[in-house]
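Fold and contact review
Now for the letters of each chain:
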Amino acid sequence: MFNVKISLFSHTKELEQKIDMLHDKIIEAAMVFKKAVDVYLKEKRSQDYRKLSKEIKTIEHDADVLRRDIENRLYSQNLIPDFRGNILELVENLDKVINEFDEVAHKFYIEQPAIPEKYHERFKELVGQVCECAENLAMASRTFFYDLSAVRDYSKKVYWLEHESDKTTASLKEGVFDSDMELAQKLQLNSFLTEVADIADLAENCIDQLLIYVIKRDI
Amino acid sequence: MDFSYLFFLSSGLFLGWSLGANDAANIFGTAVGTKMVRFNTAAVIASIFIILGAVFGGAGTTETLDTLGSVNTLPGAFMVALAAAVTIYWMSRTGVSVSTSQAIVGSIIGWNCYCGESTNFSVFGKIFATWVFCPLLAAGTAVLLYFLLHMLIRRTRMHLLRQDSYVRAGLIVMGALCAYALGANNIANIMGVFVESAPFHDFSFNDTVYLTRIQILFLLGGMAVAVGIVTYSHKVVSTVGNSLLKMTPLAALTVVMAQAVVLFLFSSQGLQNFLHSHSLPAFPLVPVSSTQAVIGAILGIGLLKGGRGLNWGITGRIVVGWVVTPLIALVVCFVSLFFLENVFNQVVYRPELMDL
């Protein structure tokens, strides 16, 4: 009747490393994406861009493997039982941010949108804001596992950057639709701008959740 | 062996069973409620350590109950225990978390009243003071421990997963210590009234195991508590952790630690001797309620967090329960003794001859 099972100190170190690695993957994805967009704006679908796009795909794949492994271990080793669902949700949302980087990079590769040079600087600015937003999300999430009180500092940055990216996107869209471009090109650029901005939105949603977890964990 | 003794003892065992069913929740309720420890694990650990505590550490507080009222016949002891057990059972059915100590003290005073024995009010005062002091002390201890643990975690910047492992280990270790303290402290509530009339003999096995007649009695009581834990505490254990305040595992650990500290302070003869030997004020060795300690500790944590998450309705009912439990036990015992003596012709009181 009594199956006494005490699983103490069970290989948590390995799982800690895997969660850390998932955060690393977000930062990696953001950095490579930024570089890839720079290359695209200069060279369009060049060999270099192809390499960078592949690199993002590999990062995305590694992140998926890590996510599955983390989820499995959390359940099989019965870790943080009261909070497991929330950690799972967090890990999945972090993975979605990486997926979005991959999707947008791939979309550039497939659709090869023609972005007029006059928008390049603003576009780079937008990508920079979005990538910084994702990096801060990774730092906030990593901090969540070590020091709850410091999560707030990074979350403020994420909110601010997301807001800035919204403003940049709006002004870019306005510029695009006020221009003499073909409607098809306008719509294509609009779709790209929306997808890039979505990365910051995903990061913001993730931070919203994270702050709720901080409150839950603090009681 | 006098079998009538075993019959009368059955009410004590019933009381032990109800203590196991109710008070086990105080030891592992928060751990099971936060899903940190499985119920089966909790039940086995609690059972083993309660028995050990009862047999090897249970002498200290019995003397206090003995001085409150010396129930000196078996039928009297039977009714005192039964009245307490019935009170606990009845109060539990109404959903109020009760204190076994209060029920038994109320019952003994009921016996005193019925037999015309004077209650030792200085002892009663001491016990009554702990009913007020124990939850307050537990609340204060919990707040202090909570701050200390939080500081430790912030300083060490421990990973959430590692923190989780340590908290789980802490819950199990502290739960075991609490179970030991509960056995040591509360066995007097269950078996204290049977000590005087216990027909057992001292027992030794190969000169390695030696049990006094009182330890044998306490072993029986401890086993009854263990049966209560295994058979009936599951629901209570599962709900106690979350009914009053939704807690994190760290808060759950704090509550259990605060409870262990308070039960230790009121049950350790060693600590009392140490404090006395250094001319310091000592804690009285009285059976304090683990329910009061755990509720006090939870309230302490809840108030520390601004009182937002506390269920004040349940808190109010618990406090009312603490007031009425001894009164109900007193009345039930008094009325039952009347029937036992006049309807069943049992001797519930033996006047003691004074040596002149």
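How each quantity is defined
Residues numbered from 1 in each chain as written. Chains lettered and ligands numbered in written order. Predicted model: local features only at pLDDT ≥ 70, side-chain atom pairs only at ≥ 80, totals over all residues. Heavy atoms only, no water. Helix = DSSP H or I, 4+ residues; strand = E, 2+ residues; numbered from the N terminus. Rg over C-alpha atoms; globule rule 2.2 N^0.38 Å. Buried < 20%, exposed > 50% of the residue type's maximum accessible area, 1.4 Å probe, protein only. pLDDT = per-residue confidence, 0-100. Patch = residues over 30% accessible without salt bridge, like charges linked within 9 Å, V, L, I, M, F, W, Y side chains within 5 Å. Areas by Shrake-Rupley, 256 points an atom, 1.4 Å probe, with all protein chains shown as cover. Salt bridge = Lys/Arg side-chain N within 4 Å of Asp/Glu carboxyl O. Core = buried A, V, L, I, M, F, W, Y, C linked by side-chain atoms within 4.5 Å. Contact = heavy atoms within 4.5 Å. Polar contact = N/O pair within 3.5 Å; in protein donor to acceptor, adjacent residues only side chain to side chain. Buried area = accessible area lost by both parts, 1.4 Å probe. Axes fitted to C-alpha atoms, helices over the stretch in contact; angles between N-to-C directions. Parallel < 35°, antiparallel > 145°, perpendicular 65-115°, else oblique. Left-handed = near helix turned anticlockwise from the far one by under 90°. Nonpolar A, V, L, I, M, F, W, Y, C, P; charged D, E, K, R; others polar. Phe/Tyr/Trp six-rings, centres within 6.5 Å; stacked < 30°, edge-to-face > 60°. Lys NZ or Arg CZ within 6 Å of the ring centre and 35° of its normal.

With that settled, consider the overall build of chain B. Broken down by element type, chain B carries 13 helices and 2 strands. For 356 residues, the compact-globule formula gives about 21 Å, and the C-alpha radius of gyration of chain B, at 20 Å, lands near that figure. Principal-axis analysis of the C-alpha atoms gives chain B an extent of 70 × 50 × 45 Å. By the burial criterion, 58% of the 356 residues in chain B qualify as buried.

Okay, the confidence of the model for chain B next. The predicted model of chain B has a mean per-residue pLDDT of 82, with 90% of residues at 70 or higher. Taken element by element, chain B is modelled with least confidence in helix 3 (residues 62-68) of chain B, mean pLDDT 58, and with most confidence in helix 2 (residues 39-57) of chain B, mean pLDDT 90.

To continue, consider a nonpolar patch on the surface. All names here are of chain B. Residues Val 331, Phe 334, Val 335, Phe 338, Phe 339, Val 343 and Phe 344 make up a contiguous nonpolar surface patch of about 670 Å² in total accessible area. Among the structural elements, Phe 338 can be located in helix 13 (residues 312-342). Of the residues examined, Phe 338 reaches a relative accessible area of 44% and is grouped as partly exposed.

It is worth spelling out the environment of B:Ile104 at this point. Residues and elements named next belong to chain B. Note on placement: Ile 104 falls in helix 5 (residues 100-115). Since its relative accessible area comes to 0%, Ile 104 is described here as buried. For the pair Ile 104 and Gly 192, spaced 88 residues apart in sequence, the C-alpha separation works out to 9.6 Å.

One finds B:Tyr5, B:Leu15, B:Phe28, B:Leu171, B:Met191, B:Phe194 and B:Leu217 to be the most contacted residues of the largest nonpolar core, which totals 113 residues. The element that contributes the greatest number of residues to this core is helix 10 (residues 249-267) of chain B, accounting for 13 residues. Discounting chain neighbours no more than four positions away, the residues touching B:Met191 are B:Leu9, B:Gly12, B:Leu13, B:Leu217, B:Phe218 and B:Gly221. Counting residues in each nonpolar core, the second largest holds 71 residues, with A:Ile87, A:Leu137, A:Leu189 and A:Phe192 among its members.

Residues and elements named next belong to chain B. Position of Gln 102 among the secondary structure elements: in helix 5. A relative accessible area of 1% places Gln 102 in the buried class. Gln 102 has contacts with Trp 131, Gln 292, Gly 321, Trp 322, Thr 325 and Pro 326, leaving out every residue within four places of it along the chain. Of note is the side chain of Gln 102, whose polar atom sits 3.0 Å from the backbone oxygen of Trp 322.

The next point concerns the interface of chain B and chain A. Counting residues at the interface gives 30 residues for chain B and 31 residues for chain A. Contact between chain B and chain A buries roughly 2900 Å² in total, counting both sides, with carbon and sulfur atoms accounting for 60%. Applying the counting rule to chain B against chain A returns 2 salt bridges. In this structure, the connection of chain B to chain A is made through 4 residue pairs in polar contact (both at pLDDT 80 or more). Going through the elements one at a time, helix 2, helix 6 (121-156) and helix 7 (160-191) of chain B are the ones with two or more residues in the side of chain B that touches chain A. The greatest single-element share of the side of chain B that touches chain A, amounting to 10 residues, is contributed by helix 7 of chain B.

One side chain can pair with another of opposite charge once the charged atoms of both are near each other. Residues and elements named next belong to chain A. Applying the stated criterion across every chain, the model contains 19 salt bridges over all chains. Of the charged contacts, one joins Arg 67 and Asp 95 as a salt bridge, the two residues approaching to 2.8 Å between their closest N and O atoms. Taken together, the residues span a long stretch of sequence, with Arg 67 in helix 2 (residues 47-76) and Asp 95 in helix 3 (residues 84-111) at a distance of 28 residues. Of the residues examined, Arg 67 reaches a relative accessible area of 15% and is grouped as buried. On the accessibility criterion, Asp 95 (2% relative accessible area) is buried. Sharing partners across several salt bridges, the network here consists of Glu 14, Lys 18, Asp 69 and Arg 73.

Our next topic: the packing of helix 4 (residues 120-146) of chain A against helix 6 (residues 183-218) of chain A. How two helices pack is summed up by the angle between their axes together with the distance between the axes. Residue and element names in this part refer to chain A. At their nearest, the axes of helix 4 and helix 6 sit 9 Å apart, and the two run at 20 degrees to each other. The orientation of helix 4 with respect to helix 6, classified from their angle, is roughly parallel. As for the relative orientation of helix 4 and helix 6, their crossing is left-handed in sense. Here helix 4 contributes Phe 123, Leu 126, Val 127, Val 130, Cys 133, Leu 137, Ala 140, Ser 141 and Phe 144 to the contact with helix 6, which in turn contributes Leu 193, Val 196, Ala 197, Ile 199, Ala 200, Ala 203, Cys 206, Ile 207, Leu 210, Tyr 213 and Val 214. Here the contact of helix 4 with helix 6 is composed, by residue class, of 19 nonpolar, 1 polar and no charged.

Relative to the elements of secondary structure, B:Asp23 occurs in helix 1 (residues 3-33). Dropping the residues within four chain positions of it, B:Asp23 is found in contact with B:Val98, B:Thr100, B:Leu182, B:Asn186, B:Ser290 and B:Thr291.

As a further point, take unusual backbone geometry. A negative phi holds for most residues other than glycine; trans holds for most peptide bonds. Positive phi is not limited to glycine here, since A:Lys44 has a value of about 50 degrees. Positionally, A:Lys44 belongs in the loop between helix 1 (12-43) and helix 2. Here B:Arg157, not a glycine, exhibits a phi torsion of approximately 45 degrees, which is positive. Summarising the element assignment, B:Arg157 is placed in the loop between helix 6 and helix 7.

This part covers the packing of aromatic side chains. All names here are of chain A. As enumerated under the stated definition, the model contains 15 aromatic pairs over all chains in all. On the numbers, 6.4 Å between centres and 50 degrees between planes, the contact of Phe 144 with Tyr 213 is tilted. Here Phe 144 is found in helix 4, whereas its partner Tyr 213 is found in helix 6, with 69 residues between them in sequence. Across this residue pair, the class does not change: Phe 144 and Tyr 213 are buried. Linked through ring pairs, Tyr 40, Tyr 49, Phe 108, Phe 123 and Phe 192 together constitute an aromatic cluster. Across from the ring centre of Phe 192, 5.1 Å away, lies the NZ or CZ of Lys 107, which sits over that ring. Taking NZ or CZ as reference, Arg 217 lies 5.1 Å from the ring centre of Phe 83, over its face.

Mapped onto the elements of the fold, B:Ser107 is located in helix 5. C-alpha separation for the pair B:Ser107 and B:Ala85, spaced 22 residues apart in sequence, amounts to 9.6 Å.

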